[in-house]
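Each chain is listed here by its residues.
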Amino acid sequence: MGEEEAYEFVTSTLEKERIEPYTREESEVVHSVQQCINCGICLSHCPVVAAVGIYRFSGPRSIAVELSRSPPEFWATGDTIYLCTGCGTCMEVCPKNVNIPEIVNMMRSRILRFRPDLVPKGLHVVRETILEHNLAFVPLEDVEDKTESRDMRLEHYGLPLIETPEEAKSEVLYYPGCQAEERSQEVREAAKIILDRFEVGFTMLEDMCCCGLPSRLMGDKDTAEKLASRLKQRIDELDIKKIVTTCAGCTSNIGDASFAYDWNVPVLHLVEFLTDEVGTDKLAKAFTKPRGKEKVKVTVHDPCHLIRHTSRQLMDKALLLLDLIPDVKVEVSTAADSCCGGGGLVAYHSKDVSKAVVKENLEAIRLLEAQRVVTPCPLCTAQLEDNLFQSGSSIEVDDLTVFIAQRLSNKG
Ligand code: SF4
Ligand code: SF4
């Protein structure tokens, strides 16, 4: 083959395989993969591999290896790359700090850019929802419907209604996230009750928009960045000095954005805000006295986005908080820190995989004979609640924010 012929062959192959050189950012990720020593530790810890087997999901080590494959095989990863829940367990146990969840995001981003036909349909639907509404769920358009749903939830949980403060310049922004804004409204209301109870001046956005995590997880980097800069613009307009969230995903994602783009705005989960800024003395005095002789036996689920993507200390703080509440006895489940299967947008296209992953948690919870499960994340709450209910269990699941608000005494 002559030089010219060879050149043409290479150019047409690149075009046919839709290959573009790695960006600088992508090159860094690829470089991190080269640290992999093929030890396989990650493989034996991956909850998806454990739940569905290596033939359905080839696991983190193979994800790292796919990057060095030839383009047709690279695109073939489309079959498995979407089954990763992004739990971060592989990254936590890896002796070489290979960041598999970031590699997954990068591969999804390349697939979305060059081969959108390989992206599961369910993710295209979420993407369109975000592009249209700036939220991960289609919002309830009728204000009355939304108010009615909120009031029913407040009644169900025995919580009072606290008026939402008007959007105004404030030091503290309470950011509920899409799930608490549009679905689990009791979490948003409970956070308002708690902040009001401790006389924390705060504001909320009138035009709540997604933090960008679902976009990032499906590989839609452009939308993720657009949403992050929109949030930053609102932060600047309102002179926000601190963001408080009640969702594990929002905590880690906004925290990452604040760090990456030098926002200089700390992002705290409400649990951390309460233990560190309100203080345990005030908290202990605010909880109601024991109601009966029997303590409520609860167990805790640790959201991946808190323990592996933010800090394990956050769950120590959650346990400290629970310990201050009279009437509550915490039993730690052996699967407390195991992924609930609700991450990585897996449930949007492969519900069977998401269900298989949560099984380990459900078994461990059942063995404890706990009455309730609490977790500081509305998404984990929904995933555990649905699956416990479908399995015929009578164990109740509470978002920790709601659990706390229900046990506070009145002001004064
Ligand atoms: S992030 Fe979790 S699900 Fe994904 S490969 Fe790693 S251990 Fe498996
Ligand atoms: S644990 Fe890390 S070094 Fe070992 S195979 Fe997995 S990615 Fe490679």
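Computed from a predicted structure; not experimentally measured.

What counts as what
- Residues numbered from 1 in each chain as written.
- Chains lettered and ligands numbered in written order.
- Predicted model: local features only at pLDDT ≥ 70, side-chain atom pairs only at ≥ 80, totals over all residues.
- Helix = DSSP H or I, 4+ residues; strand = E, 2+ residues; numbered from the N terminus.
- Rg over C-alpha atoms; globule rule 2.2 N^0.38 Å.
- Buried ≥ 20, exposed ≤ 12 C-beta atoms within 10 Å, placed from the backbone.
- Contact = placed C-beta atoms within 7 Å.
- Near = placed C-beta within 6 Å.
- Nonpolar A, V, L, I, M, F, W, Y, C, P; charged D, E, K, R; others polar.
- Domains from an automatic or database assignment.
- Axes fitted to C-alpha atoms, helices over the stretch in contact; angles between N-to-C directions.
- Parallel < 35°, antiparallel > 145°, perpendicular 65-115°, else oblique.
- Arc of directions from axis to C-beta.

**Student:** Talk me through the overall build of the chain; I want residue IDs and the actual numbers.
**Tutor:** Scanning the chain from N- to C-terminus turns up 22 helices and seven strands. In terms of overall dimensions, the chain is globule-like: its C-alpha atoms have a radius of gyration of 23 Å, near the 22 Å expected for 412 residues. Once the C-alpha set of the chain is aligned to its principal axes, its extents read approximately 90 × 50 × 35 Å. For the chain, the proportion of its 412 residues judged to be buried stands at 44%. By sequence separation, contacts in the chain at least 24 residues apart represent 78% of the contacts at least 6 residues apart.

**Student:** Can you explain the site of ligand 1? Please cite residues and give values.
**Tutor:** Lining the immediate surroundings of ligand 1 are 13 residues, of which Cys46, Pro60, Cys84, Cys87 and Cys90 lie closest. Counting only elements with at least two residues in the shell around ligand 1, the list comes to α4 (47-52), α7 (89-93) and α8 (100-114). Of the residues belonging to the shell around ligand 1, the class tally is nine nonpolar, four polar and no charged.

**Student:** Let's hear about the domain arrangement of the chain: which residues, and what values?
**Tutor:** What the domain assignment lists for the chain is domain 1 (13-119), domain 2 (143-277) and domain 3 (280-406). Each of domain 2 and domain 3 has a C-alpha centre, and the two are 20 Å apart. Contributing elements (two or more residues each) for the side of domain 2 that touches domain 3: α11 (177-183), α12 (185-197), α13 (213-218), α15 (248-260) and α16 (270-278). For the side of domain 2 that touches domain 3, the leading source of residues is α12, giving seven residues. When grouped by side-chain class, the residues that make up the side of domain 2 that touches domain 3 number 17 nonpolar, 10 polar and three charged.

**Student:** An account of the packing of helix α20 (residues 351-368) against helix α21 (residues 378-390) is needed here, citing residue identities and associated values.
**Tutor:** Close contact between α20 and α21 brings their axes to 10 Å; oriented N to C, the two are set at 85°. As far as their axial angle goes, α21 and α20 are roughly perpendicular. In contact with Lys355, Val358, Asn361 and Leu362 of α20, α21 contributes Gln383, Leu384, Asn387 and Leu388. For the contact of α20 with α21, the residue count by class is four nonpolar, three polar and one charged.

**Student:** Account for helix α19 (residues 313-323), with residues named and values stated.
**Tutor:** Inspection of α19 places Leu314, Met315, Lys317, Ala318 and Leu321 among the buried residues, and these make up the whole buried set. Angularly, the buried residues of α19 cover 150° about the axis, an arc narrow enough to put them on a single face. Across from the buried face of α19, at angles greater than 90 degrees, the exposed residues are Gln313 and Asp323. Contacts made by the buried residues of α19 are with β3 (267-269), α16, α17 (280-286), β4 (296-300), α18 (304-307) and α22 (400-406).

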